[in-house]
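Results of the structural survey
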Amino acid sequence: MNRALPLIGFALLAVLFGFGLWWNTRHDQREVPSPLIGKPAPAFSLPLLDDPSTRVSKAEMLGQPYLVNVFASWCIACGEEHPVLMQEARQLGVPVIGYNYKDDPDAAKAWLAQHGNPYSMVVTDRSGATAIDFGVYGAPETFLIDADGIIRYKRIGPLTPQVIADVLEPKIQALKHAAPKQESP
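Looking at an unreviewed UniProt entry, one finds the chain named DsbE family thiol:disulfide interchange protein and attributed to Oleiagrimonas citrea. Turning to the chain, the UniProt record has this under Sequence similarities (unreviewed entry): "Belongs to the thioredoxin family. DsbE subfamily." Word for word, the UniProt comment on the chain under Subcellular location (unreviewed entry) is "Cell inner membrane".

Following this line, the structure appears as structure tokens:
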């Protein structure tokens, strides 16, 4: 029996490994369930990238659905996502807020000047402190927030035309037809 224990242990590990592979092939790893879905977006007050003396808060955004797209000039995947945003952002029918994450403001400005700016406005969180409240893992990430300030969707990784057409656009349309409750921030 003692000689069979390593074989039994190996067999159990092989089964667990196989289950993990099976599970990963059937679930999109970018669709990580967030504990914030259905809950109020964290309160924030962040400076505008182009005018750091002006701050934007969650309270100012209430009353309409909007997207928050986390990006950075150092983020390679953001460079892959950016042409999609340039093409699709204005057609979404909601403000798309750029959230510059842990980035040098001058580098972010230069990056947007070079690649284009699809955003309604760009806020900056150089320390990443507010991003922690949002549960940001890294860039890019995108949040859909309803008119009442409730997070309705979170995407980890680059947006693609397919995700926009199949997921974001239907969710945005549903939110635009829902009447805001206007709860306090």
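1. Some thoughts on the sheet that holds strand 3 (residues 66-71)
Spatially, 5-4-3-6-7 is the arrangement adopted by the five strands of the open sheet, whose pairing is mixed. Edge strands, defined here as strands with exactly one partner in the open sheet, are strand 5 (121-125) and strand 7 (151-156). On average, each strand axis in the sheet is inclined to that of its neighbour by 20 degrees, with strand direction left out of account. Pairing of strand 4 (residues 96-101) with strand 5 involves five bridges; the strand directions are parallel. Bridge pairing in strand 5 links Tyr-101 to Asp-125.

2. Comments concerning the environment of Tyr-119
With respect to the helices and strands, Tyr-119 occurs in the loop between helix 4 (105-115) and strand 5. We classify Tyr-119 as buried; its relative accessible area is 5%. Separated by 52 residues in sequence, Tyr-119 and Leu-67 have C-alpha atoms that sit 9.7 Å apart. Only 2.7 Å separates the side chain of Tyr-119 from the side chain of Asn-69, close enough to count as a polar contact.

3. Concerning the packing of helix 3 (residues 76-88) against helix 4
Look at helix 3 against helix 4: their axes get within 11 Å of each other, and the N-to-C directions meet at 50 degrees. By the angle between their directions, the pair helix 3 and helix 4 is classed as oblique. Crossing of helix 3 over helix 4 shows right-handed handedness. Taking contact as the criterion, the partners of Cys-78, Gly-79, His-82 and Met-86 in helix 3 are, on helix 4, Trp-111, Leu-112 and His-115.

4. Side note on the state of the cysteines
If you walk through the whole model with that rule in mind, you get one disulfide. Paired by a disulfide, Cys-75 and Cys-78 hold their sulfur atoms 2.4 Å apart. Between Cys-75 and Cys-78, the S-S dihedral sits near 85 degrees, and the bridge is therefore right-handed. For the pair Cys-75 and Cys-78, a shared accessibility class is recorded, and that class is buried.

5. Section: empty space enclosed by the protein
With the rule as written, the count across this model stands at one cavity of 30 Å³ or more. Considering only enclosed or pocket space, the largest cavity measures out at about 60 Å³ in volume. Forming the boundary of the largest cavity are Phe-44, Leu-46, Val-56, Met-61, Tyr-66, Val-68, Ile-97, Tyr-99, Val-123 and Phe-134. Secondary structure elements with two or more residues in the lining of the largest cavity: strand 3 and strand 4. Of the residues contributing to the lining of the largest cavity, the split by class is 10 nonpolar, no polar and no charged.

6. A short note on the packing of aromatic side chains
Under the counting rule described, the total for this entry stands at six aromatic pairs. Between Phe-71 and Trp-111, the ring centres sit 5.8 Å apart and the planes meet at 25 degrees, which makes this aromatic pair stacked. In this pair, Phe-71 sits in strand 3 while Trp-111 sits in helix 4, placing the two residues 40 residues apart along the sequence. Here Phe-71 falls in the buried class, since its relative accessible area comes to 1%. By relative accessible area, Trp-111 is classed as buried at 9%. In textbook terms, an aromatic cluster arises when at least three aromatic residues are bridged by ring pairs, as seen for Phe-44, Tyr-99, Phe-134 and Phe-143.

Here is what the cut-offs are and how they apply
- Residues numbered from 1 in each chain as written.
- Predicted model: local features only at pLDDT ≥ 70, side-chain atom pairs only at ≥ 80, totals over all residues.
- Heavy atoms only, no water.
- UniProt positions renumbered as here; feature names shortened; annotations may be inferred.
- Pairing = 2+ DSSP bridges.
- Helix = DSSP H or I, 4+ residues; strand = E, 2+ residues; numbered from the N terminus.
- Axes fitted to C-alpha atoms, helices over the stretch in contact; angles between N-to-C directions.
- Buried < 20%, exposed > 50% of the residue type's maximum accessible area, 1.4 Å probe, protein only.
- Polar contact = N/O pair within 3.5 Å; in protein donor to acceptor, adjacent residues only side chain to side chain.
- Parallel < 35°, antiparallel > 145°, perpendicular 65-115°, else oblique.
- Left-handed = near helix turned anticlockwise from the far one by under 90°.
- Contact = heavy atoms within 4.5 Å.
- Disulfide = S-S within 2.5 Å.
- 1 Å grid on protein atoms, 1.4 Å probe; cavity = no way out; pocket = protein on both sides within 12 Å on 5 of 7 lines; lining within 4 Å.
- Points joined across faces, edges and corners; volume = space filled by probe spheres on them.
- Nonpolar A, V, L, I, M, F, W, Y, C, P; charged D, E, K, R; others polar.
- Phe/Tyr/Trp six-rings, centres within 6.5 Å; stacked < 30°, edge-to-face > 60°.

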